[in-house]
Amino acid sequence: VRANLPANDAQAYIEFEGETGDTITVNVTIPENSYLNTMLILRDPNGIPVAYHAPGDSYEASLNDVTLRNDGTYTIVLASNLANSNGDFVLELKR
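The residue count restarts for each chain, going from 1 along the sequence in the order it is written. Per-residue local features are limited, in this predicted model, to residues with pLDDT of at least 70; the limit for side-chain atom pairs, both in listing and counting, is 80 or more; totals at the level of whole chains, interfaces and linings are taken over all residues. Excluded from the side-chain calculation are hydrogens and water; included are all heavy atoms of the structure.

Trainee: Sorry, what's going on with the environment of A79 here?
Mentor: Strands are runs of DSSP state E lasting at least 2 residues, helices are runs of H or I lasting at least 4, and numbering of each runs from the N terminus. With respect to the helices, strands and loops of the structure, A79 is situated in strand β7 (residues 72–80). Residue A79 is classed as buried on the basis of its relative accessible area of 4%. In this structure, the C-alpha to C-alpha distance between A79 and N33, residues 46 residues apart in sequence, is 17 Å. Sequence-distant contacts of A79, that is, excluding residues within four places in its chain, are made with L5, A10, Q11, N37, T38 and M39. When accessible area is computed with a 1.4 Å probe and restricted to protein chains, residues below 20% of their type maximum are described as buried, those above 50% as exposed, and intermediate ones as partly exposed. Should any heavy atoms of two residues lie within 4.5 Å, those residues are counted as being in contact.

Trainee: What's the story with the side chain of T25 in this structure? I'm lost.
Mentor: With respect to the helices, strands and loops of the structure, T25 is situated in strand β3 (residues 23–29). One polar contact links the side chain of T25 to the main-chain amide nitrogen of D65, over a distance of 3.2 Å. The residues contacting T25, other than those within four sequence positions of it, are L63, N64, D65, E92, L93 and K94. Think of a polar contact as two N or O atoms within 3.5 Å of one another; within protein, one of them needs to be a possible hydrogen donor and the other a possible acceptor, and neighboring residues in sequence only count if both atoms come from side chains.

Printed below as a string of C-alpha cells:
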C-alpha cells in the first residue's frame, strides 16, 4: 500500500482479513522526501491492540512474525509522533 499521511491527519488505518494461526509481518518504509516518524499498532477483530512498534531513531517501522489468534478483520494503525509531520509511506503486509 502506497499512501500519504497529511499533516492534519493523526493516523492511517489499513484493514485486512486474517485467520487463526496466520503469521504476518508488517513493514513501513518512508521515502526521503517524507517527514514521518512512524508508530504501528495492530488491532485484532475486537479492536484490542495485539502488537506495537514505538517510534525510534529510524523513520521506518515493522511488526515481525506476529501470529494471529482469531479469525476476522484486523486493523493496522499507522501514526507519526512528530508534530505537523506529513508525507508518503509504503506499507507491506507479508503472510
